[in-house]
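So you can see what is in the structure, the chains are spelled out below.
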Amino acid sequence: MSDMQGLTNHQVRLAARPNGLPGPDVWDHTTEPVGEPADGRFVVQVTHVSLDPAMRGWMNAGKSYAPPVGIGEVMRALAAGRVVASKNPGFAVGDHVTGTFGVQSYAESDGTGVQKVTPTDDVGLPTYLALLGMTGMTAYFGLFDVGALRDGETVVVSGAAGAVGSVAGQLAKIKGCRVVGIAGGPEKCAWITEELGFDAAIDYRAEDVKKALRAAAPDGIDVYFDNVGGDILDAALTRLRHGARIPICGAISTYNATEPPPGPANYMSLLVNRARMEGFLVFDYVEKFPQAANEMAGWLREGKLHSREDVVSGQVSDFGDVLLRLFRGENTGKLVLQIA
Ligand code: NAP
Ligand code: FER
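Rules behind the numbers
- Residues numbered from 1 in each chain as written.
- Chains lettered and ligands numbered in written order.
- Predicted model: local features only at pLDDT ≥ 70, side-chain atom pairs only at ≥ 80, totals over all residues.
- Heavy atoms only, no water.
- Near = heavy atom within 4 Å.
- Polar contact = N/O pair within 3.5 Å; in protein donor to acceptor, adjacent residues only side chain to side chain.
- Areas by Shrake-Rupley, 256 points an atom, 1.4 Å probe, with all protein chains shown as cover.
- Helix = DSSP H or I, 4+ residues; strand = E, 2+ residues; numbered from the N terminus.
- Nonpolar A, V, L, I, M, F, W, Y, C, P; charged D, E, K, R; others polar.
- Domains from an automatic or database assignment.
- Pairing = 2+ DSSP bridges.
- Axes fitted to C-alpha atoms, helices over the stretch in contact; angles between N-to-C directions.
- Contact = heavy atoms within 4.5 Å.
- Buried area = accessible area lost by both parts, 1.4 Å probe.
- Parallel < 35°, antiparallel > 145°, perpendicular 65-115°, else oblique.
- Left-handed = near helix turned anticlockwise from the far one by under 90°.
- Buried < 20%, exposed > 50% of the residue type's maximum accessible area, 1.4 Å probe, protein only.

Caption draft 1: How the structure looks around the site of ligand 1. Inspection of the region around ligand 1 gives 27 residues, with Val 164, Lys 188, Tyr 204, Tyr 255 and Asn 331 positioned closest. One of the backbone N or O atoms of Val 164 is found 2.7 Å from an oxygen atom in ligand 1. A distance of 3.4 Å separates an oxygen atom of ligand 1 from a polar side-chain atom of Arg 205. Protein coverage of the free-state accessible area of ligand 1, which is 910 Å², stands at 91%. Those elements that provide at least two residues to the shell around ligand 1 are α2 (134–146), α3 (163–174) and α9 (319–328). A breakdown of the residues in the shell around ligand 1 according to their chemical character gives 16 nonpolar, nine polar and two charged. For the shell around ligand 1, the domains that each give at least three residues are domain 1 (8–126 + 308–339) and domain 2 (134–283).

Caption draft 2: Molecular detail of the sheet that holds strand β10 (residues 200–203). Within the open sheet, the six strands sit side by side as β10-β9-β8-β11-β12-β13. Their pairing is parallel. The open sheet terminates on both sides in strands that have one partner only, identified here as β10 and β13 (276–279). When strand polarity is set aside, the average angle formed by the axes of neighbouring strands in this sheet is 15°. Across three bridges, the pairing between strand β8 (residues 154–158) and strand β11 (residues 221–225) is parallel. By the bridge assignment, Val 155 is partnered in β11 with Val 223. The sheet strands contacting α3 are β8, β9 (178–183) and β11, and the helix crosses β8 at an angle near 170°. Of the strands in this sheet, β9 and β10 are in contact with helix α4 (residues 186–195), which crosses β10 at around 170°.

Caption draft 3: Representation of the domain arrangement of the protein chain in the model. Here the protein chain is partitioned into domain 1 (8–126 + 308–339) and domain 2 (134–283). Taken together, the contact between domain 1 and domain 2 spans 19 residues of the former and 14 residues of the latter. Of the roughly 1300 Å² buried where domain 1 meets domain 2, counting both sides, 65% is carbon and sulfur surface. Counting the surface domain 1 buries against domain 2, the share from its top three residues, Tyr 65, Arg 308 and Thr 332, is 27%.

Caption draft 4: Region of interest: the packing of α2 against α3. Where α2 meets α3, the axes come as close as 8 Å, and the angle between the chain directions of the two elements is 45°. Comparing their axes, α3 and α2 come out oblique. Our pair here, α2 against α3, has a crossing hand that is right-handed. Here Thr 135, Gly 136, Thr 138, Ala 139, Tyr 140, Leu 143 and Phe 144 of α2 come into contact with α3, specifically with Ala 163, Val 164, Val 167, Ala 168, Leu 171 and Ala 172. Partitioned by chemical class, the residues of the contact of α2 with α3 number ten nonpolar, three polar and no charged.

Caption draft 5: Layout of α2. Of all 13 residues that make up α2, eleven are buried, and the element is covered over most of its length. Taken as a whole, α2 has its buried residues at Met 134, Thr 135, Gly 136, Met 137, Thr 138, Ala 139, Tyr 140, Phe 141, Gly 142, Leu 143 and Val 146. One or two positions beyond α2, positive phi appears at Ala 148, with a value near 45°.

Right, dumping it as structure tokens:
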């Protein structure tokens, strides 16, 4: 088939498995012509690539809930874009879509796992990768289902100025909870308290987290929504109330570790406080996404929820550098690479 108007697909492929932080040596940058779609398929111009800590896990050998990205394969990524050619009756040229399109400027798809979305002036395409995408669903089900949040409880969220954490804290505020966020740096702490309405913020880079938690949650924690693991999880474990729940959403502080990290030394608090700590995977809730996204979109429209996207403009080839921002804490809200 002829190329689509001579268009070139820019791609980022996994060249080698990283040890520790993924440096530039783990990426290959390739180009290939964009082909016409085969019957039943369509071509998406990728405009926004989602940057997710989970990507670090996908780069490791060894299967988890998803197979690892193979060496030489286009890096897996959730993304958003626009249909530019279609031989699939379900998708028309001009439709906006989200899906697992990979780190590339054009993706071919048969529609599997692809959602049609309707960006507006108020709710742009990046929000479908943030509050109304996998990120928001993670906060929603992690807090309400795994965390079994009850109105008025005391909630502590780590990674609080990040994509998932900033939504989890806001959702807990909607339920009338006292919400304490833990984040790195004064700007992030100011954002979550002053703009998002968190009751308190702890700057873990500048403060003794254990001491700060004692002051910010004097009666203890009912739900600790853990995005980071490590020392911060350990500190939170010392402040549990009886019957506390800890949704284990992630442990970004360990993702680039080259040695096995020390276990949470305070986990016996789970026993003493009859508390539950539970891992979860957002994909287990796929069937309930539409219902949750409707409720979240309502709160977004009413101004009760804010979706902050940290949109970095660049080329597909900037992906590797932009990904590192997650591990350096250089993002506030949902990190998205907009393909210039
Ligand atoms: P994000 O929070 O927007 O970005 C990562 C943030 O982590 C950074 O901005 C940084 O903020 C913080 N961070 C990085 N290194 C850290 C360290 N050593 N100690 C403490 N904080 C550190 O990313 P996200 O997409 O919302 O993901 C948040 C967590 O949710 C991750 O653990 C991810 O794996 C998890 N997740 C789980 C599921 C699931 O299904 N279970 C789904 C999606 C995401 P600071 O400046 O505050 O350090
Ligand atoms: C994530 C971290 C870990 C995530 C999924 C996992 C969807 C799951 C890992 C596993 O099953 O081993 O951010 O996002």
